[in-house]
Amino acid sequence: MPDTPTVAAHGPIARPAPLRQAVYDALTELIINGSLRPGQHLVEADLAERLGVSRQPVREALQRLHTTGWVDLRPAQGAFVHSPTPEECAQLLSVRAALETHSAHGAALHATAHDVARLWELQGAGLSALAAGDTRAIVEANAALHGHITQLSRNTVLAELIPQVDRRVRWYYMPIAKPRGTDAWSEHARIIEAIADRDAELAEELMRRHTRNTTDFYCRQIAAMAAQQH
């Protein structure tokens, strides 16, 4: 996964310098993988114990997570994992869609037979994760497949831009990974076939439909959850 740090979901974290960065990365990953759920109250002392650090770097990390939109700080209440809104979802995923359609187009122009074989391997990993019902593995496989398509586009600007939204896309995808899984991975297969056929226009169009379907599915789910809360 490009630009995505690997951190343990449980237990003390390693202490590279600076510690505040490691704590920030660890908490971000816990939010992305669902260990810390949207709306969950974040208690400094509990998080410090979980990560094996003092409360100070946790406090600093929560402030930074608030600035970057992962955490809400409520006066007299404390810190809570941010709950994405349908508007946020639509904005982020529309940007991701624009970037990924360009990636698919470029991949179809440049992918070799070896590259296509690797895409099928990643597709197989996703289908295996889906069959096992392993949500985190599905999300990681999905990100790996999309990330590889980006690499195959041979577009350095896209390769720099997409990782900037990758973390939040993984977070958004977590709750829909299983319910959308069968359709999503069928769509992936058609995209890979278009790339293998070097049909850049079709690959781009299929990716456009795929990302639109994911966006619509997610936003419908978020809207339904919001309606249940009122």
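Since this is a predicted model, take the numbers as computed values, not measurements. (Residues numbered from 1 in each chain as written. Predicted model: local features only at pLDDT ≥ 70, side-chain atom pairs only at ≥ 80, totals over all residues. Heavy atoms only, no water.)

K.L.:
Would you take a moment to explain the environment of Thr-101 for this structure?
P.N.:
Looking at where Thr-101 falls in the secondary structure, it is placed in helix α4 (residues 86-110). According to the relative accessible area criterion, Thr-101 is buried, its value standing at 6%. On a C-alpha basis, the gap between Thr-101 and Ile-149 in space is 10 Å, while along the polypeptide they are 48 residues apart. The residues contacting Thr-101, other than those within four sequence positions of it, are Glu-204, Met-207 and Arg-208. (Helix = DSSP H or I, 4+ residues; strand = E, 2+ residues; numbered from the N terminus. Buried < 20%, exposed > 50% of the residue type's maximum accessible area, 1.4 Å probe, protein only. Contact = heavy atoms within 4.5 Å.)

K.L.:
Just to check I follow, could you spell out the sheet that holds strand β1 (residues 41-42) for this structure?
P.N.:
Within the open sheet, the three strands sit side by side as β1-β3-β2. Their pairing is antiparallel. Sheet topology places β1 and β2 (71-74) at the edges, where each strand pairs with a single neighbour. As defined by bridge partners, β1 adjoins strand β3 (residues 78-81) across two bridges and the pair is classed as antiparallel. What sits directly across from Leu-42, in β3, is Ala-79. (Pairing = 2+ DSSP bridges.)

K.L.:
Just to check I follow, could you spell out the confidence of the model for the chain for this structure?
P.N.:
Low pLDDT means the predicted atomic positions in that stretch should not be read closely. Averaged over all residues, the pLDDT of the chain equals 88, while 90% of them reach at least 70. Contacts from residues 1-6, a stretch scored under 50 in pLDDT, to residues over four places away or in other chains number 14 contacts. (pLDDT = per-residue confidence, 0-100.)

K.L.:
Where do I start with the side chain of Glu-100 in this structure?
P.N.:
One can find Glu-100 in helix α4. Those residues within four positions of Glu-100 in sequence are excluded, and the remaining contacts are His-146, Ile-162, Met-207 and Thr-211.

K.L.:
How do you make sense of the nonpolar core when you look at a structure like this?
P.N.:
Side chains of a nonpolar character, in soluble globular proteins, are inclined to be buried together. Judged by nonpolar contacts, the single largest core of 59 residues is most densely connected at Leu-27, Leu-62 and Ile-195. Residues in contact with Ile-195, not counting those within four places in the same chain, are Ala-104, Ala-107, Ala-108, Ala-111, Val-116, Leu-119, Ile-149 and Ala-203. (Core = buried A, V, L, I, M, F, W, Y, C linked by side-chain atoms within 4.5 Å.)

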